Amino acid sequence: MNPLLINAAELLRRPGSERRFNLEPHIADLGIVDPRFDPDATVEVSLRLESLTDGLVVDGQISAPWADSCRRCLAPAAGAVVSDVGELYQQVITDPDAFEIVGDQIDLGAMIREHILLDAPVAPLCRPDCAGLCPTCGIDLNVSTCDCVAADVDPRWEALSQLKGNLPEQ
């Protein structure tokens, strides 16, 4: 039995009614094949389903752990994808972004998978102030410093360097 397949017949008969679900599927149960996600990791899903006259509104939160390499220094980086959910399910699709209700049942798997994959970091950082690697010698600038001399700036980029000096610090 698919734990992500929810029978919505009772909700659909009574517009305005709602149900809450707390689910903990594994990444593998969602069909996610992505090196950032451990297939045995548990996804925390907390959802509220509310019935409308033409479908269901599903809102709540999804949280899934991820692990990857830092884009600047290549050290391990990890965290959790936390997605706020606000989706529409309809029997007769009138909204192009809605998910389909098939036979009074909704499959939460596709929606959960979509949120996790779209909200996962594409270029993660081990920490926000990661200094990265020296482009000359390759030393990790988070751990130590090097004596490498900065490369000369191509004169064609000099105008952009001057503009950068006018920007406020972040």
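Details of the structure are given in the entry above.
So, here's what we can say about the structure. Computed from a prediction, not measured in an experiment: that's the story for all the values here.

## Some thoughts on the overall build of the protein
In step 1: A tally of regular secondary structure across the protein gives three helices and seven strands.
In step 2: The N-to-C order of helical and strand elements in the protein reads β-α-β-β-β-β-β-β-α-α.
In step 3: Relative to a compact globule of 170 residues, whose C-alpha radius of gyration would be 15 Å, the protein shows 23 Å and is clearly more extended.
In step 4: Expressed as lengths along the three principal axes of its C-alpha atoms, the size of the protein is roughly 70 × 35 × 20 Å.
In step 5: Counting over 170 residues, the protein shows a buried share of 32%.
In step 6: Looking at the protein alone, contacts between residues at least 24 apart form 54% of all its contacts between residues at least 6 apart.
In step 7: A total of about 11,000 Å² of accessible surface is found on the protein, and carbon and sulfur atoms cover 52% of it.
In step 8: For the protein, the separation between the mean place of its 12 positive charges and that of its 28 negative charges on side chains is 2 Å.

## Details of the state of the cysteines
In step 1: Applying the stated criterion across every chain, the model contains zero disulfides.
In step 2: Cysteine Cys146 is unpaired, with the sulfur of Cys134 as its nearest cysteine sulfur at 3.5 Å.

## Side note on helix α2 (residues 108–119)
In step 1: Taking 1.5 Å per residue as the helical rise, α2 with its twelve residues ought to reach 16 Å, and the 17 Å between its terminal C-alpha atoms agrees with that figure.
In step 2: When we look at burial in α2, the residues that qualify are Leu108, Gly109, Met111, Ile112, His115 and Ile116.
In step 3: Sitting at the amino-terminal end of α2 is Asp107, which places a side-chain oxygen 3.0 Å from the backbone nitrogen of Gly109.

## Some remarks on the environment of Gly60
In step 1: Here Gly60 is to be found in strand β4 (residues 55–69).
In step 2: As for Gly60 and Arg48, which are separated by twelve residues in sequence, their C-alpha atoms are 6.0 Å apart.
In step 3: When sequence neighbours within four positions are dropped, the list of residues in contact with Gly60 reads Ser46, Leu47, Ser83, Asp84 and Val85.

## A word on the nonpolar core
In step 1: Grouped together as the largest cluster of nonpolar side chains are 33 residues, with contacts concentrated most on Leu108, Met111 and Ile112.
In step 2: At the level of secondary structure, the elements contributing two or more residues to this core comprise α1 (9–13), β2 (18–23), β3 (44–51), β4, β5 (76–90) and α2.
In step 3: Considering each element in turn, this core owes the most residues, five residues, to β4.
In step 4: The residues touching Met111, leaving out its near neighbours within four places in the chain, are Leu47, Val58, Ile62, Val85, Glu87, Tyr89 and Phe99.

Cut-offs used in this document
- Residues numbered from 1 in each chain as written.
- Predicted model: local features only at pLDDT ≥ 70, side-chain atom pairs only at ≥ 80, totals over all residues.
- Heavy atoms only, no water.
- Helix = DSSP H or I, 4+ residues; strand = E, 2+ residues; numbered from the N terminus.
- Rg over C-alpha atoms; globule rule 2.2 N^0.38 Å.
- Buried < 20%, exposed > 50% of the residue type's maximum accessible area, 1.4 Å probe, protein only.
- Contact = heavy atoms within 4.5 Å.
- Areas by Shrake-Rupley, 256 points an atom, 1.4 Å probe, with all protein chains shown as cover.
- Lys, Arg positive; Asp, Glu negative; His and termini not counted.
- Charge placed at Lys NZ, Arg CZ, Asp CG, Glu CD.
- Disulfide = S-S within 2.5 Å.
- Expected span 1.5 Å × (residues − 1).
- Polar contact = N/O pair within 3.5 Å; in protein donor to acceptor, adjacent residues only side chain to side chain.
- Core = buried A, V, L, I, M, F, W, Y, C linked by side-chain atoms within 4.5 Å.

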